[in-house]
Amino acid sequence: MISRTCTRTFQSLINRYLSHQPSSTISYLSSTPSCSFSTCSTITRTHGNVSLNAIRSNCRTFSSEPPPLNKKGRQTPLPFMLLSFAVCAALTGASYAYSHFKKIEMEEERKKDEERKRKERTTKGKALIGGPFVLVNTEGETVTEKTFMGKWALIYFGFTFCPDICPEELEKIGEIIELLDKTPEAPKVQPIFISVDPKRDTPELIKSYLQDFHPDFIGLTGTKEQVKRATKAYRVYFSEGPDQAEGANEYIVDHSIVTFLVDPKGNFAANFGQRTSPEEAVSKIIDKMNDFYHGD
């Protein structure tokens, strides 16, 4: 059964077609929402005055809107529309992928730059403080910086006839060692005393001198040139006082008052001045140890 709407549509089409107004016919058919292709085909076969091709070319299959017209007033071919959409989608995807790739690349570059700066800071620290040395211990054995590789060490430069400052600093180092020994997570730390008075501080004299301090102390000395190289490596200043009469025991050697913390790789880790308390030193040492074992 043919619907009334389609009948009216078809009749109007016949009238306009016979009056040679195809453009109006197309416009009118496009504005009609409910004429199917199968129905129009049936009507055309019933009314043979209009060709089936004319109806098929102007009657919509479904009730949806027809494809949009281009600038010339013609309908845009569907394949071209799909191709345009595919090209736009591809360009959009490529743009997003490129942006995402650049973001990852910039992040990696930032991380590399931070790592480079960190290594530069570490390298500068190594270059400024610490380095190779060759000395002798209280047993007359040759000792170098490699002797203490794999150990944490506290190094202090002084001399045995120092009236008050050196004994105070050596006692403080002893307290630091005792506090660290009571800390379960802290590894063993080796205290080291290096003489800046090689002319008078013999291995035997240093050994006797250190007996008044922590028993773990290792005493080192050497020739004048060997001591100079060691002090230069650690940027320690010292100046010999004027020669004393033979047998005199009191004299002054001016020198830097600082204790150095060296890590198991032989690198400078921290330093402590005269005003640093044992508790403050221990706290800083623990922090440096944590950085060494668990840091980046």
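Quick notes on the rules
Residues numbered from 1 in each chain as written. Predicted model: local features only at pLDDT ≥ 70, side-chain atom pairs only at ≥ 80, totals over all residues. Heavy atoms only, no water. Pairing = 2+ DSSP bridges. Helix = DSSP H or I, 4+ residues; strand = E, 2+ residues; numbered from the N terminus. Right-handed = clockwise from strand over helix to strand, strands pointing away. Contact = heavy atoms within 4.5 Å. Patch = residues over 30% accessible without salt bridge, like charges linked within 9 Å, V, L, I, M, F, W, Y side chains within 5 Å. Areas by Shrake-Rupley, 256 points an atom, 1.4 Å probe, with all protein chains shown as cover. Salt bridge = Lys/Arg side-chain N within 4 Å of Asp/Glu carboxyl O. Lys, Arg positive; Asp, Glu negative; His and termini not counted. Charge placed at Lys NZ, Arg CZ, Asp CG, Glu CD. Buried < 20%, exposed > 50% of the residue type's maximum accessible area, 1.4 Å probe, protein only. Disulfide = S-S within 2.5 Å. Phe/Tyr/Trp six-rings, centres within 6.5 Å; stacked < 30°, edge-to-face > 60°. Core = buried A, V, L, I, M, F, W, Y, C linked by side-chain atoms within 4.5 Å. Axes fitted to C-alpha atoms, helices over the stretch in contact; angles between N-to-C directions. Parallel < 35°, antiparallel > 145°, perpendicular 65-115°, else oblique. Left-handed = near helix turned anticlockwise from the far one by under 90°.

Undergrad: Even after reading the chapter, I still don't get the pairing of strand β5 (residues 218-221), so can you show me in this structure?
TA: Look at any regular strand and the pattern is simple: side chains alternate between the two faces of the sheet. Inspection of the sheet shows strand β1 (residues 134-137) paired to β5 by two bridges, in the antiparallel sense. Residue pairing for β5: N137 is matched across the bridge by L220. For the handedness criterion, the β-α-β arrangement of strand β4 (residues 189-195), helix α7 (residues 203-210) and β5 is classed as right-handed.

Undergrad: Please explain the side chain of D197 as it appears in this structure.
TA: Along the chain, D197 falls in the loop between β4 and α7. Among residues more than four places away in sequence, those in contact with D197 are G158, F159, Y251 and V253.

Undergrad: What's the story with a negative patch on the surface in this structure? I'm lost.
TA: A cluster of like negative charges, contributed by D164, E168, E171, E175, E178, D212, E279 and E280, occupies part of the molecular surface. No other element matches helix α6 (residues 165-181), which puts four residues into the negative patch. With respect to the secondary-structure elements, E168 resides in helix α6. What makes E168 partly exposed here is its relative accessible area of 45%.

Undergrad: Sorry, what's going on with a nonpolar patch on the surface here?
TA: Judged by side-chain polarity, L83, V87 and L91 come together as a nonpolar surface patch covering roughly 290 Å² of accessible area. You can see L83 is positioned in helix α5 (residues 78-128).

Undergrad: Can you walk me through the state of the cysteines in this structure?
TA: Linking two cysteines covalently through their sulfur atoms gives a disulfide. For the structure on display, the rule yields zero disulfides. C166 carries a free sulfur, and the closest cysteine sulfur to it, the one in C162, is 3.0 Å from it.

Undergrad: What am I meant to see in the packing of aromatic side chains here?
TA: The description of an aromatic ring pair uses the distance of the two centres, along with the angle that the planes make with each other. Across all of its chains, the model carries nine aromatic pairs by this definition. Seen from their ring centres, F193 and Y209 are 5.9 Å apart, and the 45° between their planes marks the pair as tilted. Residue F193 is located in strand β4, and its partner Y209 is located in helix α7; the two are separated by 16 residues in the primary sequence. Here F193 and Y209 have matching classes, each one buried. Measuring from ring centre to ring centre gives 5.0 Å for F292 and Y293, while their planes differ by 90°; the resulting arrangement is edge-to-face. Through a chain of ring-to-ring contacts, three or more aromatic side chains come together here, namely F157, Y234, F260 and F268.

Undergrad: Explanation requested: the nonpolar core in the structure shown.
TA: Considering soluble globular proteins, one finds that nonpolar side chains tend to be buried as a cluster. Ranked by internal contacts, the top residues of the largest apolar core, which has 51 residues, are L154, F157, L170 and Y234. In this structure L154 touches I173, I176, I177, V189, Q190, P191, I192, T259, F260, L261, F272 and I285, once residues within four positions along its chain are discounted.

Undergrad: Please clarify how the packing of α6 against helix α9 (residues 278-294) should be interpreted in this entry.
TA: Describing two packed helices takes the angle between their axes plus the distance from one axis to the other. Where α6 contacts α9, the two axes come as close as 9 Å, and the packing angle between them is 50°. Considering the angle they form, α6 stands oblique to α9. As for the relative orientation of α6 and α9, their crossing is right-handed in sense. Counting all contacts with α6, which are made through K172, E175, I176, L179 and L180, the residues of α9 involved are P278, E279, A281, V282, I285 and I286.

Undergrad: What is the right way to read the sheet that holds β1 from this model?
TA: In a beta sheet, neighbouring strands are held together by backbone hydrogen bonds and run either parallel or antiparallel to one another. What the seven strands build is an open sheet, ordered β2-β1-β5-β4-β3-β8-β9; its pairing is mixed. The open sheet has two free edges, formed respectively by β2 (142-144) and β9 (268-272), since each of these has just one partner strand. Looking at each pair of strands side by side, their axes are set apart by 35° on average, direction ignored. Direction of pairing for β1 relative to β2: antiparallel, over a ladder of three bridges.

So far we have only geometry, and geometry alone does not tell us how the molecule works.
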